[in-house]
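Chain by chain, the residues:
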Amino acid sequence: MSRIIYFIEGLSVWTGRAFGWCILILTFSVSYEVFVRFVLNAPTVWAFDMMVQMYGALLLMAGPYALAQDTHVRGDILYRLFPVKWQARIDFTLYVLFFFPGMMALFWYGWEIAADSWRYKEVSWNSPARIQIYFFKTLIPLAGFMLMLQGLAEMMRCWRAMKTGVWMERLKDVHETEEILMHASERSDS
């Protein structure tokens, strides 16, 4: 079971890292647009659409990454006080009742939206460039699928925690500066 969980988690982390490059593309395109618009007085017709697509791609594909890294928002005022087995039971139940129906809807309706977009070879109406957006709309069902896959790994993680009373370690990726400084201060205190 651990191998399956870590494989799915690794796929989610890899996808998040890959789509993280959208930030760099987005930063360069915004900087370029600001420069040509305000310095050269020659705005582009494509920059706005491209920025919307990059931001949308990043937002959609960061979901599985955030779930795999356990960085999603959690209202844990009482939750953190419960034993691990009860935390796992609560998480498992919430995945079944809320997460999976929502992600199945995202996948199902996203598939319909993407299929219609491909059928019509949809273009953006936000700018005169008429940039093709059917490629981008394919990310909607893909994000739903990736989230369901990561949700399956999370449920397996919960199942294991219900049995053992211990949460499995997660694959490590980037760490917040605050977390790194806290660990460094703990080591220097001892």
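Computed from a predicted model, the values in this text were never measured in an experiment.

Participant: Quick question: what am I supposed to make of the packing of aromatic side chains here?
Facilitator: Where two aromatic rings form a pair, the distance of their centres and the angle of their planes describe that pair. Applying the stated criterion across every chain yields a total of eight aromatic pairs. Ring centres of Y32 and W46 lie 6.0 Å apart, and the angle between their planes is 20 degrees; on these two criteria the pair is classed as stacked. One end of the pair, Y32, is in helix α1 (residues 2-38); the other, W46, is in the loop between α1 and α2 (47-68), and 14 residues separate them in sequence. On the basis of relative accessibility, which here comes to 34%, the residue W46 falls in the partly exposed class.

Participant: Would you mind showing me how to read the environment of L152 here?
Facilitator: Its location among the elements puts L152 in helix α5 (residues 139-164). Remark: the alpha-carbon pair of L152 and Y120, spanning 32 residues in sequence, is separated by 34 Å.

Participant: Teacher, can you tell me more about the packing of α1 against α5 here?
Facilitator: Geometrically, a packed helix pair is captured by the angle between its two axes and the distance between the axes. Contact geometry of α1 with α5 gives a least axis separation of 9 Å together with a crossing angle of 145 degrees. Classified by chirality, the crossing of α5 by α1 is left-handed. Between α1 and α5, the contacting residues are S2, I4, I5, Y6, I8, E9, L11, S12, T15 and F19 on the first element and L139, M146, L149, Q150, A153, M156, R157 and R160 on the second. Grouping the constituent residues of the contact of α1 with α5 by class yields eleven nonpolar, four polar and three charged.

Participant: Is there a simple way to explain unusual backbone geometry in this structure?
Facilitator: Most peptide bonds are trans, and most residues other than glycine sit at a negative phi. The backbone of N41 sits at a positive phi, close to 55 degrees, despite the residue not being glycine. Tracing the chain through its elements places N41 in the loop between α1 and α2. Given a relative accessible area of 65%, N41 falls into the exposed group.

Participant: Honestly, the pattern of salt bridges in this entry has me stumped. Any pointers?
Facilitator: Summed over all chains, the structure comprises six salt bridges. Residue E9 pairs with R170 through a salt bridge whose shortest N-O separation is 3.9 Å. On the criterion of sequence distance, the pair formed by E9 in helix α1 and R170 in the loop between α5 and α6 (177-189) is long-range, its members being 161 residues apart. Each member of the pair, E9 as well as R170, carries the same accessibility label: buried. Where E33 meets R37, a salt bridge forms, and the shortest distance between an N and an O atom there is 2.8 Å. Note that E33 and R37 are positioned in helix α1 at a spacing of four residues, about one turn of the helix.

What counts as what
- Residues numbered from 1 in each chain as written.
- Predicted model: local features only at pLDDT ≥ 70, side-chain atom pairs only at ≥ 80, totals over all residues.
- Heavy atoms only, no water.
- Phe/Tyr/Trp six-rings, centres within 6.5 Å; stacked < 30°, edge-to-face > 60°.
- Helix = DSSP H or I, 4+ residues; strand = E, 2+ residues; numbered from the N terminus.
- Buried < 20%, exposed > 50% of the residue type's maximum accessible area, 1.4 Å probe, protein only.
- Axes fitted to C-alpha atoms, helices over the stretch in contact; angles between N-to-C directions.
- Left-handed = near helix turned anticlockwise from the far one by under 90°.
- Contact = heavy atoms within 4.5 Å.
- Nonpolar A, V, L, I, M, F, W, Y, C, P; charged D, E, K, R; others polar.
- Salt bridge = Lys/Arg side-chain N within 4 Å of Asp/Glu carboxyl O.

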